[in-house]
Amino acid sequence: SRQRAYRDPPEDWGGYMQLDDKMRWDEAARAVTHVNDAPLDPDRKYNVAVVLLSLNGMNRNQPLIDWANANLEKVPSEEAARKAKDLVVECCSATLVGRLGDFDKLDKDNDGVLSTAEVKNALAGFLMRDVSDVELANFMQALDKDNSGSLSKDEFLAGVRALQRRGHH
C-alpha cells in the first residue's frame, strides 16, 4: 500500500478504514453492520479512533472529511488529540503486562515494586529476546502512571485490568 507514496509523483488513494475484530462490514452496502458483535444501533453513540489528519483530508476519505467539516466542534485540536504511537504503545504494553505473570513472582527483590531491571528481565523472558532501552522506556511510560520509574502492584494490575476490559485474557 505504501508503494504509491514512493512513486514520482506520489500517488494518493482514499477510502481506507480499518475495523476492529468485533466489527462487521457489508461490502455491498459499504457500511458497518455490527459493533462488538452486536447489530449497529443508529441511535447509539460510539467512540471511534481516527487519525486526526484523516479528518483534514489525508487519504481522501470523503465521508470522514464531510463529517468533520459538518461537526467542527466535535473534532479535537491537534494538541488535545492523542497520538497514534502513544495509543499503540499503551495497548501493546497492557497486552504484555497481562501476560508477564504474577506480580509477586516478577518482584525478585520483594520490595513491592517492579524496577526497570525487573521489568526488562520479565519482558525479555516473555519475548525470548533482548529488550531495547526504547522498548523498555515506552513500556514504562505507558504503565508507570506516577512517573516513579518503577511499577507498583496497582499500576501493574491496572494494565492487566485494561487488557481484560478489551476482552483479551
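Residues numbered from 1 in each chain as written. Predicted model: local features only at pLDDT ≥ 70, side-chain atom pairs only at ≥ 80, totals over all residues. Heavy atoms only, no water.

> Teacher, can you tell me more about the nonpolar core here?
Across soluble globular proteins, nonpolar side chains have a tendency to be buried as a group. Among the nonpolar cores identified, the biggest contains 19 residues, and Leu114, Val119, Leu123, Phe139, Leu151 and Phe156 are the most heavily contacted of them. Within the residue set of this core, elements represented by two or more residues are α3 (84–97), α4 (103–106), α5 (116–127), α6 (133–143) and α7 (153–165). In this structure Phe156 touches Val97, Gly101, Phe103, Leu106 and Leu114, once residues within four positions along its chain are discounted. Leu52, Leu55, Val75 and Ala81 belong to the second-largest nonpolar core, a separate cluster that totals five residues. (Core = buried A, V, L, I, M, F, W, Y, C linked by side-chain atoms within 4.5 Å. Buried < 20%, exposed > 50% of the residue type's maximum accessible area, 1.4 Å probe, protein only. Helix = DSSP H or I, 4+ residues; strand = E, 2+ residues; numbered from the N terminus. Contact = heavy atoms within 4.5 Å.)

> Any chance you could explain a nonpolar patch on the surface here in plain terms?
Taken together, the side chains of Val51, Leu53 and Met58 define a hydrophobic patch exposed on the protein surface, amounting to about 250 Å² of accessible area. Tracing the chain through its elements places Met58 in the loop between α1 (52–55) and α2 (62–70). Looking at Met58, the relative accessible area reads 33%, which means it is partly exposed. (Patch = residues over 30% accessible without salt bridge, like charges linked within 9 Å, V, L, I, M, F, W, Y side chains within 5 Å. Areas by Shrake-Rupley, 256 points an atom, 1.4 Å probe, with all protein chains shown as cover. Salt bridge = Lys/Arg side-chain N within 4 Å of Asp/Glu carboxyl O.)

> Is there a simple way to think about the environment of Ile65 in this case?
For Ile65, the location among the structural elements is in helix α2. In this structure Ile65 comes out as buried when scored by relative accessible area, which is 12%. With twelve residues separating them along the chain, Ile65 and Leu53 place their C-alpha atoms 9.6 Å apart. With sequence-adjacent residues up to four places away left out, Ile65 is seen in contact with Ser54, Leu55, Gly57 and Arg60.

> I keep staring at the sheet that holds strand β3 (residues 38–39) and nothing clicks. Help me out?
Sheets are built from strands paired through backbone hydrogen bonds, the pairs being either parallel or antiparallel. What the three strands build is an open sheet, ordered β1-β2-β3; its pairing is antiparallel. The open sheet has two edge strands with one neighbour each: β1 (24–26) and β3. One ladder, built from three bridges, connects β1 with strand β2 (residues 31–35); its direction is antiparallel. By the bridge assignment, Asp26 is partnered in β2 with Ala31. (Pairing = 2+ DSSP bridges.)

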